Amino acid sequence: MRIGDLAHETGVSRRLLRYYEEQGLLRPARSDNGYREYAEGDVAMVRHIRAMLAAGLSTAVIGKVVHCVRDKDELRVPLGCPTFIGELRRERARITETISQLESSRRILDAVLDTAPRNNEDASREATL
């Protein structure tokens, strides 16, 4: 199938599909005239890439583990691919740390906001000073 067909099947733009190829996430064959030719399995692969992106993984991390993904239906931990599990654990730890930092930032902002004037008149007067 051509890039337009894959874009239609997956709901992902052609530009983004070309980006995935640049990142090594997709490897379409090339016809004699240079057109990209995608296999049926690429539809599932694009869906898996989108799921991993939605989970917070970067394309660099996805590039390390995408070769492990073989299931056409859903994204699962593949057998015999310890890289996949290790990368997911590292990314989960990174996300957990980021959440902790954001919660700390929110607590600091809440503390500062607790000192702010309560009525709009005082706040608008301070903003004009």
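Located above this text is the structure these notes cover.
Reading guide: rules and limits
Residues numbered from 1 in each chain as written. Predicted model: local features only at pLDDT ≥ 70, side-chain atom pairs only at ≥ 80, totals over all residues. Heavy atoms only, no water. Helix = DSSP H or I, 4+ residues; strand = E, 2+ residues; numbered from the N terminus. Buried < 20%, exposed > 50% of the residue type's maximum accessible area, 1.4 Å probe, protein only. Contact = heavy atoms within 4.5 Å. Axes fitted to C-alpha atoms, helices over the stretch in contact; angles between N-to-C directions. Parallel < 35°, antiparallel > 145°, perpendicular 65-115°, else oblique. Nonpolar A, V, L, I, M, F, W, Y, C, P; charged D, E, K, R; others polar. Phe/Tyr/Trp six-rings, centres within 6.5 Å; stacked < 30°, edge-to-face > 60°. Salt bridge = Lys/Arg side-chain N within 4 Å of Asp/Glu carboxyl O. Patch = residues over 30% accessible without salt bridge, like charges linked within 9 Å, V, L, I, M, F, W, Y side chains within 5 Å. Areas by Shrake-Rupley, 256 points an atom, 1.4 Å probe, with all protein chains shown as cover. Lys, Arg positive; Asp, Glu negative; His and termini not counted. Charge placed at Lys NZ, Arg CZ, Asp CG, Glu CD. Core = buried A, V, L, I, M, F, W, Y, C linked by side-chain atoms within 4.5 Å.

A. Region of interest: the overall build of the protein. When you go through the protein residue by residue, the secondary structure sums to six helices and two strands. The helix and strand sequence of the protein, counted from the amino end, reads α-α-β-β-α-α-α-α. Out of the 129 residues belonging to the protein, those deemed buried represent 26%. Pairs at least 24 residues apart make up 45% of the contacts formed inside the protein by residues separated by at least 6 positions.

B. Up close: the packing of helix α2 (residues 14-22) against helix α3 (residues 41-54). Closest axis-to-axis distance for the α2/α3 pair is 12 Å, and the angle between their directions is 85 degrees. For the element pair α2 / α3, the angle class is roughly perpendicular. Residues Leu16, Leu17 and Tyr20 of α2 touch α3, and the partners they reach there are Val46, Ile49, Arg50 and Leu53. For the contact of α2 with α3, the residue count by class is six nonpolar, no polar and one charged.

C. Examining the packing of aromatic side chains more closely. Under the criterion given, the structure shown has one aromatic pair. For the ring pair Tyr19 and Tyr20, a centre distance of 6.4 Å and an interplane angle of 55 degrees mean the geometry is tilted. Judged by its relative accessible area of 1%, Tyr20 is buried.

D. Main features of the pattern of salt bridges. In total, this model carries five salt bridges according to the counting rule given. Each member of the salt-bridge network shares a partner with another, and the members are Glu21, Arg30 and Arg36.

E. View of a negative patch on the surface. Residues Asp5, Glu9, Glu37 and Glu40 make up a contiguous surface patch of negative charge. Tracing the sequence through the fold places Glu40 in the loop between β2 (36-37) and α3.

F. Seen up close, the nonpolar core. Ranked by size, the top nonpolar core spans 23 residues in total, and within it Leu17, Tyr20, Leu26, Ile49 and Met52 carry the most contacts. The element contributing the most residues to this core is α3, with five residues.

G. Molecular detail of the environment of Gly11. Tracing the sequence through the fold places Gly11 in the loop between α1 (3-10) and α2. For Gly11, a relative accessible area of 68% gives the class exposed. In sequence terms Gly11 and Val46 are 35 residues apart; their C-alpha atoms lie 9.6 Å from each other.

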